Number of protein chains: 2
Amino acid sequence: MQNFDYQTPTRLIFGKGVVEKLPEVMGQFGKKILLTYGGGSIKKIGLYDKVKELLKDFEIYELSDIQPNPKYDPSVLDGVKICKENNIDVILAVGGGSVLDCSKAIATGAKYDGDPWDLISYKAFATDSIPIVDIITLAATGSEYDSGGVISRTETNDKIGYIDPHNFPLVSFLDPTYTFTVSKKQTAAGCADAMNHIMEQYFCEDSTILNDGFMEAGLKSLMVNAKKCLENPEDYTARAEMMLTCTYGCNGIYSLGNSQTGWPLHGMEHALSAYYDITHGEGLAIITPRWMEHVLSEKTVDRFVKYGVNVFGIDANQDKFEIAKKAIQATYDFFVSVGIPMNLKAVGIDESRIDEMAHHVAVNEGLDKAWAPLTEKDIADIFRASL
Amino acid sequence: MQNFDYQTPTRLIFGKGVVEKLPEVMGQFGKKILLTYGGGSIKKIGLYDKVKELLKDFEIYELSDIQPNPKYDPSVLDGVKICKENNIDVILAVGGGSVLDCSKAIATGAKYDGDPWDLISYKAFATDSIPIVDIITLAATGSEYDSGGVISRTETNDKIGYIDPHNFPLVSFLDPTYTFTVSKKQTAAGCADAMNHIMEQYFCEDSTILNDGFMEAGLKSLMVNAKKCLENPEDYTARAEMMLTCTYGCNGIYSLGNSQTGWPLHGMEHALSAYYDITHGEGLAIITPRWMEHVLSEKTVDRFVKYGVNVFGIDANQDKFEIAKKAIQATYDFFVSVGIPMNLKAVGIDESRIDEMAHHVAVNEGLDKAWAPLTEKDIADIFRASL
C-alpha cells in the first residue's frame, strides 16, 4: 500500500428537492453570484427559472453557452472578465461536468493577475480562488467532488486536465430528478466516462481488498443502473445510484493507497476530443477494449481475470487468458448494448491524423510510465485498432 | 435511496514516515499545543519522544492518562481547564480512538462558557472549537475521520455518542507502523469494532449495489487482514489495509443514501461498557451473533442471505434460513478465531444487572425504531443469550 495525502472538503447535498436549500447555502458566500451554464438544457427543465426564483435576493451575473469540452477562449476568459469587473463573491455552476470544469478555471483565473492559462498549464500556481457551488444535471464526470477540471484550447489542440486544491466546489447539490431528461446518448456516455474513471484506478500494480471491492461494486452499479435509466429515464433509484457512483469517480476515494496507473485511457482520449471535439465518454468507450487487448500480457493478465470474474461473473475455472479475453469482450458488448458507437469512424475520426495525435499523446501524457507502459507506436496501434 | 447531506473535511496523511510533516501541519494552527494521550503506550513505542522532538519549537501542554471509554471526569474536565487557562491554539491527540474522542469533547468544551456536559448531552450546541490534529496508533474506531466521540460519565452509567461537525479532526496522521505493537487482544477488538461499524450500516432496509459492495469488501478486508496482523504483527500491508478500512467506519461514506438502522449493537454495547468498563470491541463481538439470531425473521432474512453469500462465500443454493444461520455461525466463529472471549461472563458480566442495563438502553437509545425494532424485553433477551 502506498502513502497518500487525501482531502475532499466538498459538502454533498443529495436527493430530490435539495435545491430548496440554495439561498441558505449561497448566503454564506456573499451576494454577487456568477451563474454559469451551458447550451440551455437547464432552461428546458425549468431549473434556470427555479434558481433565479430561489436567488431573487442576490445579484446575479451570467455566463452561458459553455460547451462540452469547455473552451479556454471564449468561456474561461469571458468568465474571468465578468468576475474581475464585478467583484463576484461566488460562482454557481449549473449543468454537467463541462460547466463545472470551466467554472473552476474561472474561479482561480479571476484571482490571478496574469494569463489564466499559466495556471491551467502549471506555469504558475493558484493562491486564491472564488468559492464554487454547483448543481449537477448529468451523472458522469465526478467534477462535483474533485479538484480537477479539463479545459481545451482549440488553436493548439490542447486538452489539459488541470488539478488544484482551490478547484474543489465548496458545496455540490445533487438532485437525481434533474438527470431524468438526459438523452440516451448522454446517459450512456456518462456511464462510460464514470466506468473509465474507475478502470483507470482499478488496473494497477498494487490494490487492496477494500478498494477492489469498492471499485468492482462501482462498475456493477454503473452497468446495472445505466440500463435501467435507458429503459425508464425517470427511474429515480437508478438515476440516484448512477449519480453517486459517478460522484466518487475522480477524487481518489476509490483507490486510496493504490499504486499510480497513469490514467492511459484519459491520456489517449483527450487527444481524440481535442482534435475532433467528440463526446468524451464515447471516445473513452471506443478505445477501452482496444487498449485492454493491446496491453493484455503475462504481466497484466491476473488483473483482467479479477475484473472478469468479479465484475462480469465469468467462471473462474478457465485458462486465465480465456477469462481475460471474455472480460474484454464483455466490456465491448456492454458499451454496444447501451448504444455507444464503438468505432472511431462512427464518430467522425479517420486515419488521417492518427500519427499526429499519437505523437501529441506520447509527448504530453507520460504514458511510458503507465501501469502498462505505452510508446508512441503503441498509442497509434490502439487508435488504429479503434478505427 | 434516501436524501443526505454529507461532508468530511478531514485531511488524511497516510503511510510510513508521514509524521515528519507534523511541524508544517501544526504550524498552520498556532504555537500553543495541548498534547493528549493515554496510558503511556506512545512512550513505549518512541512516538512521544518523536513528537516532542518534531515540535521542539512549539509550546506544549500535556494531558495524559486518558482511559479507554474516556471519562468526562477527570479527563474532559481537566483538558478543558488546561485549554482555557493557557489559550491553547490546537489539540494534538496521539493514541487510539479514546484519546481522540476525549480530545473532541475538550475542543468544543474549551470554547463553551457553561458545563461541557451540556454539549455532550445536546442541551446546548457548540458554536466554536479548538482545531484538532491526531496521530492514530490503533486501527479501530474511525474517530480520526468522523465528527463523533463517545464519552462516559461513571456516576450515572452514561456512555454517550456525541456528534457535532466541530468534532472533525482537521488533519489525521495515519502511520500503520505505529500499530505494529498493538496487542493481539486489542487488534482483535479493533477489528470487531470496525466490523460492527460496517454491520450497523449494512443491515438496513434500503441500500445500493455500490454501498453493499463497498461494505462487503470492508468486512472481508478486516477479517483477512486481522488474521494476518495476528500472525505477523509487523505485516505492514495488513496493518495498513486494516487502518484505512477502519478509518471509513463512522463518517457515513460506507452507506451514503442508505436508510437509517438505529445502530442497535452500539446502543446495547454502550450500556455494557458503561456499567462494566469492558473493551468496547469485545462487547460488540459478543452480542453481535446473538442479536443476529434474535432479529432473524422472514422480514430480515434476505439481508442475512446477502451477507452470508457475499462476505463468507456461503453457497447461495440453499434454503434462505439455512444460509442466514450459517452466516451467523460464521460471524461467531470468526470472532472466536481471533481470540475474542465470546460470552459476557468471560469479560466479568453476570446476570445481576441485565434488566437494569436493558432498561437503560430502552429508555436512551431509541432502538424501538431500529431496522429490526427492539423492545426492552428483546434487549434483555439478547443480553441473556450473550451470558
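The shown structure was predicted, so the numbers you read here are calculated from the model rather than taken from an experiment. (Residues numbered from 1 in each chain as written. Chains lettered and ligands numbered in written order. Predicted model: local features only at pLDDT ≥ 70, side-chain atom pairs only at ≥ 80, totals over all residues.)

A. Here's a closer look at the overall build of chain A. On a plain count of helices and strands, chain A comes out with 15 helices and eight strands. Over its C-alpha atoms chain A spans a radius of gyration of 20 Å, differing by no more than 12% from the 21 Å that the globule rule assigns to 387 residues. In terms of its C-alpha atoms, chain A occupies a principal-axis envelope of roughly 65 × 40 × 40 Å. Per-residue burial over chain A gives 56% buried out of 387 residues. (Helix = DSSP H or I, 4+ residues; strand = E, 2+ residues; numbered from the N terminus. Rg over C-alpha atoms; globule rule 2.2 N^0.38 Å. Buried ≥ 20, exposed ≤ 12 C-beta atoms within 10 Å, placed from the backbone.)

B. Local environment of the domain arrangement of chain A. Residue and element names in this part refer to chain A. If you check the domain split of chain A, you get domain 1 (11-178) and domain 2 (183-385). Per-element tally for the side of domain 1 that touches domain 2: the top contributor is strand β7 (residues 158-163), with three residues. Here the residues of the side of domain 1 that touches domain 2 are counted per class, giving nine nonpolar, eight polar and four charged. (Domains from an automatic or database assignment. Nonpolar A, V, L, I, M, F, W, Y, C, P; charged D, E, K, R; others polar.)

C. Here's a closer look at the interface of chain B and chain A. Contacts between chain B and chain A engage 34 residues on the former and 34 residues on the latter. Those elements that place two or more of their residues in the side of chain B that touches chain A are β1 (4-14), α8 (209-231) and α9 (236-247) of chain B. Among the elements that line the side of chain B that touches chain A, the one with the most residues is α8(B), at 11 residues. Here strand β1 (residues 4-14) of chain A pairs with β1(B) via seven bridges, running antiparallel. For A:Leu12, the partnering residue across the bridge sits in β1(B) and is B:Tyr6. (Contact = placed C-beta atoms within 7 Å. Pairing = 2+ DSSP bridges.)

D. How the structure looks around the sheet that holds β1(A). In space, the 12 strands of this open sheet follow the order β3(A)-β2(A)-β4(A)-β5(A)-β8(A)-β1(A)-β1(B)-β8(B)-β5(B)-β4(B)-β2(B)-β3(B), with mixed pairing throughout. Two strands lie at the open edges of the sheet, namely β3 (59-63) of chain A together with β3 (59-63) of chain B, each paired on one side alone. Strand-to-strand twist across the sheet, computed as the mean angle between neighbouring axes with direction ignored, equals 25°. (Axes fitted to C-alpha atoms, helices over the stretch in contact; angles between N-to-C directions.)

E. Geometry of the pairing of strand β6 (residues 148-153) of chain B. Residues and elements named next belong to chain B. Across six bridges, β6 lies against strand β7 (residues 158-163) in antiparallel orientation. Pairing of Val-150 across the sheet is with Gly-161, part of β7. Once β6 ends, the chain turns through four residues before running back antiparallel as β7, passing Asn-157 with a positive phi of about 55°.

F. Fine view of unusual backbone geometry. All names here are of chain A. Backbone torsion omega between Asp-73 and Pro-74 reads 15°, so that peptide bond is classified as cis. Among the structural elements, Pro-74 can be located in helix α4 (residues 72-86). The phi torsion at Asp-65 lies on the positive side, around 60°, for a residue other than glycine. Looking at the element boundaries, Asp-65 is found in the loop between β3 and α4.

G. Structural context of the nonpolar core. Counting 253 residues, the largest nonpolar core has A:Ile91, A:Val94, B:Ile91 and B:Val94 as its most contacted members. Ignoring sequence-local partners within four residues, the contact set of A:Ile91 consists of A:Leu34, A:Thr36, A:Ser103, A:Ile106, A:Ala107, A:Ile130 and A:Ile132. (Core = buried A, V, L, I, M, F, W, Y, C linked by C-beta atoms within 7 Å.)

H. Summary view of the relation of the copies chain B and chain A. At an RMSD of 0.0 Å, chain B and chain A line up after a rotation of 180° and a shift of 0.0 Å along the axis. Overall, the copies show the geometry of a two-fold rotation axis. In this assembly, 100% of the residues forming the interface of chain B have copies in chain A that are likewise at the interface, indicating an isologous arrangement. (Least-squares fit on C-alpha atoms with pLDDT ≥ 70 in both.)

I. Broad picture of the packing of helix α11 (residues 280-295) of chain A against helix α13 (residues 320-337) of chain A. Residue and element names in this part refer to chain A. Packing of α11 against α13 leaves a shortest axis separation of 9 Å and a crossing angle of 170°. The orientation of α11 with respect to α13, classified from their angle, is roughly antiparallel. For the pair α11 and α13, the contacting residues are Ala-285, Thr-288, Pro-289, Met-292 and Glu-293 in the first and Ile-328, Thr-331, Tyr-332 and Phe-335 in the second. For the contact of α11 with α13, the class distribution of residues is six nonpolar, two polar and one charged. (Parallel < 35°, antiparallel > 145°, perpendicular 65-115°, else oblique.)

J. Seen up close, helix α12 (residues 301-312) of chain A. All names here are of chain A. The terminal C-alpha atoms of α12 lie 16 Å apart, and with 12 residues this matches the ideal 16 Å at 1.5 Å per residue to within 8%. Three or more residues of α12 are buried, namely Arg-303, Phe-304, Val-305, Tyr-307, Gly-308 and Val-311. Of the surrounding secondary structure, the elements contacted by the buried residues of α12 are α7 (184-202), α8 (209-231), α11 and α13. Trailing α12 by a residue or two, Gly-313 shows a phi angle of about 70°, which is positive. (Expected span 1.5 Å × (residues − 1).)

K. Here's a closer look at the packing of α11(A) against helix α15 (residues 376-385) of chain A. Residue and element names in this part refer to chain A. Between α11 and α15, the shortest axis-to-axis distance is 9 Å and the interhelical angle comes to 130°. Here α15 runs oblique to α11, going by the angle between their axes. Crossing handedness for the pair α11 and α15: right-handed. Along its contact with α11, which presents Ile-287, Arg-290, Trp-291 and His-294, the element α15 presents Asp-378, Asp-381, Ile-382 and Ala-385. Class assignment of the residues belonging to the contact of α11 with α15 gives a composition of four nonpolar, one polar and three charged. (Left-handed = near helix turned anticlockwise from the far one by under 90°.)

L. Examining the environment of B:Ala217 more closely. Of note, B:Ala217 is situated in helix α8. C-beta crowding within 10 Å serves as the criterion here: with 25 such atoms nearby, B:Ala217 is assigned to the buried category. Taking the C-alpha atoms as reference, B:Ala217 lies 12 Å from B:Met199; in sequence the two are 18 residues apart. Residues in contact with B:Ala217, not counting those within four places in the same chain, are A:Ile209, A:Leu210, A:Asp212, A:Gly213 and A:Phe214.

M. Local environment of the environment of B:Gln318. Relative to the helices and strands, B:Gln318 is located in the loop between α12 (301-312) and α13 (320-337). Taking C-alpha positions, B:Gln318 is 50 Å from B:Leu119, a pair spaced 199 residues apart along the chain.

N. Representation of the environment of B:Glu376. Residue and element names in this part refer to chain B. For Glu-376, the location among the structural elements is in helix α15 (residues 376-385). Judged by the 16 C-beta atoms lying within 10 Å of it, Glu-376 is partly exposed. For the pair Glu-376 and Ala-358, spaced 18 residues apart in sequence, the C-alpha separation works out to 5.7 Å. If near-sequence neighbours (up to four positions away) are discounted, Glu-376 is found in contact with Ala-358, His-359 and Ala-362.

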